[in-house]
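An overview of the molecular structure
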Amino acid sequence: MGQSMVAITEESCTGCDLCISHCPFEALLPLAENPKQRKHAKRPVIVVENNCVGCLSCIGSCPTDALYEIIIPQNAIQSILINPTEPQQTEPVNRWKKGGLGVA
Ligand code: SF4
Ligand code: SF4
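Residues numbered from 1 in each chain as written. Chains lettered and ligands numbered in written order. Predicted model: local features only at pLDDT ≥ 70, side-chain atom pairs only at ≥ 80, totals over all residues. Heavy atoms only, no water.

A few points about the pattern of salt bridges
Note the threshold: Within this document, salt bridges are pairs made up of a side-chain nitrogen of Lys or Arg and a carboxyl oxygen of Asp or Glu, the two lying within 4 Å of each other. The helix and strand labels rest on DSSP assignments: H or I over at least four residues marks a helix, E over at least two residues marks a strand, and numbering proceeds from the N terminus.
Across all of its chains, the model carries 3 salt bridges by this definition. A salt bridge links Arg-43 to Asp-17; the shortest N-O distance between them is 3.0 Å. Note that Arg-43 is positioned in the loop between strand 2 (28-30) and strand 3 (45-47) and Asp-17 in the loop between strand 1 (3-8) and strand 2, a separation of 26 residues in sequence. A salt bridge links Glu-91 to Arg-43, with the shortest nitrogen-to-oxygen separation between them at 2.9 Å. Of the two residues, Glu-91 is situated in the segment after strand 4 (67-72) and Arg-43 in the loop between strand 2 and strand 3; the sequence distance between them amounts to 48 residues.

Laid out in structure tokens, this is it:
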């Protein structure tokens, strides 16, 4: 059996942040800045690859179906889990302090 993780279709992500509290591993975080020429006014959420364990708890939480599963075969030579892309600057999210998002 291979491993899996999730990815986000950026064009479909409105930045509503609904998925963030569905990830127990804090792998879903908002980008610090909205990329230029993006069609949505709000910045997207991204997957922090090093934090995603592929539990798929988040997968049904997106109202625009922007989240999707990536299957990684066990014997994959090129894997995003082994070679994550460059880390991106994200916004801090209060999950656990007073008034935080908590877990969905
Ligand atoms: S729930 Fe979907 S649209 Fe909302 S921030 Fe998450 S990925 Fe983006
Ligand atoms: S698959 Fe699990 S660990 Fe990865 S982003 Fe979704 S909820 Fe978080």
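Let's talk about the site of ligand 2
Formally: When we say a residue is near a molecule or strand, we mean one of its heavy atoms is within 4 Å of it. Gly falls in the polar group here, along with every residue not listed as nonpolar (Ala, Val, Leu, Ile, Met, Phe, Trp, Tyr, Cys, Pro) or charged (Asp, Glu, Lys, Arg).
Inspection of the region around ligand 2 gives 14 residues, with Cys-23, Cys-52, Cys-55, Leu-56 and Cys-58 positioned closest. Of the residues in the shell around ligand 2, the class split is 11 nonpolar, 3 polar and no charged.

Here's the deal with empty space enclosed by the protein
Definition in use: In this analysis a 1.4 Å probe is tested at points of a 1 Å grid over the protein atoms alone, and where it fits but cannot get out there is a cavity; an open set with protein on both sides within 12 Å along at least five of seven lines is a pocket; lining residues have an atom within 4 Å of a point. Grid points are joined across faces, edges and corners, and a volume is the space filled by probe spheres set on the points.
Per the stated rule, a full pass over the model turns up 2 cavities of 30 Å³ or more. Empty space within the largest cavity amounts to approximately 100 Å³. Cys-13, Cys-16, Cys-19, Cys-62 and Ala-66 are, among the 15 residues lining the largest cavity, the residues nearest its centre. Residues of the lining of the largest cavity, tallied by class, amount to 10 nonpolar, 4 polar and 1 charged. One number sums up the size of the second largest cavity: a volume of about 70 Å³. What lines the second largest cavity is a set of 13 residues, and nearest its centre among them are Cys-23, Cys-52, Gly-54, Cys-55 and Cys-58. Residues that form the lining of the second largest cavity fall into these classes: 11 nonpolar, 2 polar and no charged.

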